[in-house]
Amino acid sequence: ETPTTVPESPTPLATPSPPAPTEFRVAFINLFSPLAAEAGNPAAGETFEVRLQLLVEQLRSFDPDVVGFNEASWTEKYGSATTYLARELKMEPVYARANPWFEGQTREQSDALVREAGFEEGELFLVRSTRYTVLRADEPYALKPLSTESGERRIGLHAVLKGPKSLGEIDLFITHLTGGGERVVPAQAADFAGWIA
């Protein structure tokens, strides 16, 4: 009688783990809102699309893991800088609106104000999701004291990435301190540092 042989299952090929990163590349950019900073000076809007295209080229060359942005804007005329940058750079966005948002407003009230004004801006992280996973992002923290500009709030944005085993979680923080003068800005910076701590 011929013995029955059981076919062997092929041994699965081991998939090598990607090597642990040896560097963590971070870039920071203030996008400079396309709205005119000075009455009668349209340069910010006229150069906005070209500035975004140049920025994408430079960031592709730099190949960052994370990019932090101030003044990531949406306007009726120019659309969403966040959407454009995330799509062109193939990175995952983490965004929080800073302006327009009056003290005491609900999100719904701020949403209505955005529709009426045709403008919003905020803080933004773009994360290279092929290397790092965004685990969570907190609700933005409203810095104190308030800025002097009506309808403008300054926020702190916090996101957490899953890093390599040797590092664990990576905390990202960003804010934009401007307006309010020599008394307000240092106080907001101290409040931001206290919030991080």
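Shown above is the structure to which this text applies.
Here the structure is a predicted model, which means the values were calculated and not measured. (Residues numbered from 1 in each chain as written. Predicted model: local features only at pLDDT ≥ 70, side-chain atom pairs only at ≥ 80, totals over all residues. Heavy atoms only, no water.)

(A) Expanded view of the pairing of strand β9 (residues 169-175). Here strand β8 (residues 155-162) pairs with β9 via 7 bridges, running antiparallel. Among the inter-strand pairings, Val160 is bridged to a residue of β9, identified as Asp171. Counting the residues that bridge the hairpin from β8 to β9 gives 6 residues, and of these Gly168 lies at a positive phi of roughly 80 degrees. (Pairing = 2+ DSSP bridges. Helix = DSSP H or I, 4+ residues; strand = E, 2+ residues; numbered from the N terminus.)

(B) Focus on the pattern of salt bridges. Under the criterion given, the structure shown has 9 salt bridges. Asp65 is paired through a salt bridge with Arg131; the nearest N and O atoms lie 2.9 Å apart. With a gap of 66 residues between them, Asp65 in the loop between α2 (48-62) and β2 (66-75) and Arg131 in the loop between β5 (119-127) and β6 (133-137) connect regions that are remote in the sequence. Under the relative-accessibility criterion, Asp65 is labelled buried at 4%. For Glu120, the salt bridge goes to Arg97, with nearest N and O atoms at 3.2 Å. Of the two residues, Glu120 is situated in strand β5 and Arg97 in strand β4 (residues 92-99); the sequence distance between them amounts to 23 residues. (Salt bridge = Lys/Arg side-chain N within 4 Å of Asp/Glu carboxyl O. Buried < 20%, exposed > 50% of the residue type's maximum accessible area, 1.4 Å probe, protein only.)

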